[in-house]
Amino acid sequence: MNIENSVKVFGGELRQVTHDSDVLHCTMRFSIFLPPAALAGTTCPVVYWLSGLTCTDENFAQKAGAFRTAAELGLILLIPDTSPRGEGVPDDPEGNYDLGLGAGFYVNATQAPWDKHYQMYDYIVQELPQLLNEHYPNNGKVSIMGHSMGGHGALVIGMRNAQRYTSISAFSPICHPMDCPWGQKAFSNYLGDNQDSWQQYDATWLMQQLDNKRQIPIRIEMGQADPFFQEQLKPYALLNAADESEHNIEFVAHEGYDHSYYFISTFIEAHLQFHHCHLTN
């Protein structure tokens with residue numbers, strides 16, 4: 001692991017780190033924010049942030065405005081990239097933004113040419129936590145959140161590993177990727193045409209299977225002016241599934257807000273407080 005750069009912010013430290021990934025077979029980069037308490041030796045809880053299409057670790061770090069609140073609450077923020085990158089890593093041959101580089105969709109690809117590198121589910125669930133625990137002491141309590149494609153990833157990873165994550169939150173998540181253009185394109189390329197294999201990466205399908213005895217707290221924030229609300233995000237499919245499975249979701253749709261980091265930065269403090277409440281309960 002190499003610290004490529006480090007900057008002080010709100011008494012804490014934001015580091016950008018590279019490492020050789022055994023899972024993705026390339027060099028990966030992530031950012032990590034260590035609050036003042038962590039720098040002073042206190043073991044703090046961790047919140048993962050999963051970014052959306054076209055993003056790297058830098059978008060959230062530069063635009064979300066999360067570090068003041070994270071510093072005050074004593075939260076470590078771990079911000080991975082959205083896909084494998086580097087020489088030999090395949091990209092969409094047509095150059096579109098919704099497949100390939102920047103569009104890993106947090107799945108384990110099974111189809112060539114994607115299957116060698118695009119194992120983002122295992123990277124987030126297995127490899128990255130191991131690196132975190134080896135190099136950055138924490139108290140073992142973990143929550144996960146994300147935006148758009150990253151919101152999809154947070155919901156899927158959180159629900160499939162409900163024993164591991166204390167809480168889940170998402171801004172404008174892709175809630176039913178099996179039934180939207182972004183998800184169908186990604187899944188057919190990464191996973192093949194057998195839609196049974198898609199189900200394990202669909203938050204709506206997973207919600208239908210979720211044991212209502214294990215109520216993992218979930219918060220979802222949407223903007224009613226989001227241009228992707230109806231065709232791509234489909235939040236009501238997930239909410240209907242939650243009703244059927246008797247699982248509570250804290251859902252808020254705000255008038256006038258869109259899909260951008262202006263929206264995220266407006267409500268990021270509420271999400272961090274939501275996670276802090278459950279991580280310290």
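Before going into details, it helps to say that this report is about the structure given with it.

The rules we used
- Residues numbered from 1 in each chain as written.
- Predicted model: local features only at pLDDT ≥ 70, side-chain atom pairs only at ≥ 80, totals over all residues.
- Heavy atoms only, no water.
- Helix = DSSP H or I, 4+ residues; strand = E, 2+ residues; numbered from the N terminus.
- Rg over C-alpha atoms; globule rule 2.2 N^0.38 Å.
- Buried < 20%, exposed > 50% of the residue type's maximum accessible area, 1.4 Å probe, protein only.
- Contact = heavy atoms within 4.5 Å.
- Areas by Shrake-Rupley, 256 points an atom, 1.4 Å probe, with all protein chains shown as cover.
- 1 Å grid on protein atoms, 1.4 Å probe; cavity = no way out; pocket = protein on both sides within 12 Å on 5 of 7 lines; lining within 4 Å.
- Points joined across faces, edges and corners; volume = space filled by probe spheres on them.
- Expected span 1.5 Å × (residues − 1).
- Salt bridge = Lys/Arg side-chain N within 4 Å of Asp/Glu carboxyl O.
- Core = buried A, V, L, I, M, F, W, Y, C linked by side-chain atoms within 4.5 Å.
- Phe/Tyr/Trp six-rings, centres within 6.5 Å; stacked < 30°, edge-to-face > 60°.

**Side note on the overall build of the chain**
For the chain, the count of helices and strands is ten helices and nine strands. Over its C-alpha trace the chain gives a radius of gyration of 18 Å, about what one expects of a compact globule, namely 19 Å for 281 residues. Summarising its shape, the C-alpha atoms of the chain cover approximately 50 × 45 × 35 Å along the three principal directions. When burial is assessed residue by residue, the chain has 58% of its 281 residues classed as buried. Considering only contacts within the chain whose residues lie at least 6 apart along the sequence, 72% involve residues at least 24 apart. Split by element, the accessible area of the chain, about 11,500 Å² in all, is 44% carbon and sulfur.

**Notes on the environment of tyrosine 236**
Mapped onto the elements of the fold, tyrosine 236 is located in helix H9 (residues 235-244). With relative accessibility at 43%, the residue tyrosine 236 sits in the partly exposed group. Sequence-distant contacts of tyrosine 236, that is, excluding residues within four places in its chain, are made with Phe229 and Phe251.

**Details of the layout of surface pockets**
Any empty space left between atoms is shown by rolling a water-sized probe over those atoms. Quantified by volume, the largest pocket comes out at close to 160 Å³. Along its surface, the largest pocket is lined by Asn5, Val7, Val9, Leu14, Arg15, Gln16, Ser31, Asp57, Glu58, Ala61, Gln62 and Phe67. Considering every element that reaches the lining of the largest pocket, the biggest residue donor is helix H2 (residues 57-63), with four residues.

**Side note on helix H5 (residues 149-160)**
The terminal C-alpha atoms of H5, which comprises twelve residues, lie 16 Å apart, in line with the 16 Å expected from a rise of 1.5 Å per residue. Where burial is concerned, most of H5 is hidden: eleven out of the twelve residues are buried. Listed in full, the buried residues belonging to H5 are Met149, Gly150, Gly151, His152, Gly153, Ala154, Leu155, Val156, Ile157, Gly158 and Met159.

**Description of the pattern of salt bridges**
One pass over the structure, following the stated rule, counts nine salt bridges. Where aspartate 57 meets arginine 29, a salt bridge forms, and the shortest distance between an N and an O atom there is 2.9 Å. With aspartate 57 in helix H2 and arginine 29 in strand S3 (residues 26-34), this residue pair connects regions lying 28 residues apart in the sequence. Overall, the relative accessible area of 0% leaves aspartate 57 in the buried class. In this structure arginine 29 comes out as partly exposed when scored by relative accessible area, which is 26%. Two residues, aspartate 179 and lysine 234, come together in a salt bridge whose shortest N-O distance is 3.9 Å. Highlighted residues: aspartate 179 in the loop between strand S7 (165-171) and helix H6 (181-191) and lysine 234 in the loop between helix H8 (229-233) and H9, separated in sequence by 55 residues.

**Thoughts on unusual backbone geometry**
Geometrically, the link from alanine 112 to proline 113 is a cis peptide bond, its omega value of 0° lying close to zero. Mapped onto the secondary structure, proline 113 falls in the loop between strand S5 (76-80) and helix H4 (120-135). In this structure, histidine 25 takes a positive phi of about 55° despite not being glycine. Inspection of the secondary structure assignment puts histidine 25 in the loop between strand S2 (12-21) and S3. Even without being a glycine, tyrosine 106 presents a positive backbone phi close to 55°. Assessed through its relative accessible area of 1%, tyrosine 106 is described here as buried.

**Digging into the nonpolar core**
In terms of nonpolar packing, the biggest core is built from 71 residues, with Ile32, Phe105, Leu155, Ile157, Phe187, Tyr190 and Met207 touching the most fellow members. The biggest single contributor to this core is H4, with eight residues. Non-local contacts of isoleucine 32, meaning those with residues more than four positions away in its chain, are made with Glu13, Leu14, Arg15, Val17, Ile76, Leu77, Leu78, Leu132 and Tyr136.

**A word on the packing of aromatic side chains**
In the structure shown here, the tally under the stated rule is 17 aromatic pairs. Ring geometry for tryptophan 49 versus phenylalanine 171: centroids 6.0 Å apart, planes at 50°, classification tilted. Within this pair, whereas tryptophan 49 is found in strand S4 (residues 44-50), its partner phenylalanine 171 is found in strand S7, the two being separated by 122 residues in sequence. With relative accessibility at 1%, the residue tryptophan 49 sits in the buried group. Relative to tryptophan 198, the ring of phenylalanine 187 lies with its centre 5.7 Å away and its plane at 70°, an arrangement referred to as edge-to-face. Linking phenylalanine 187 in helix H6 with tryptophan 198 in the loop between H6 and helix H7 (203-209), this pair joins segments that are eleven residues apart in sequence. Tryptophan 198 matches phenylalanine 187 in its accessibility class, with the two residues each being buried.

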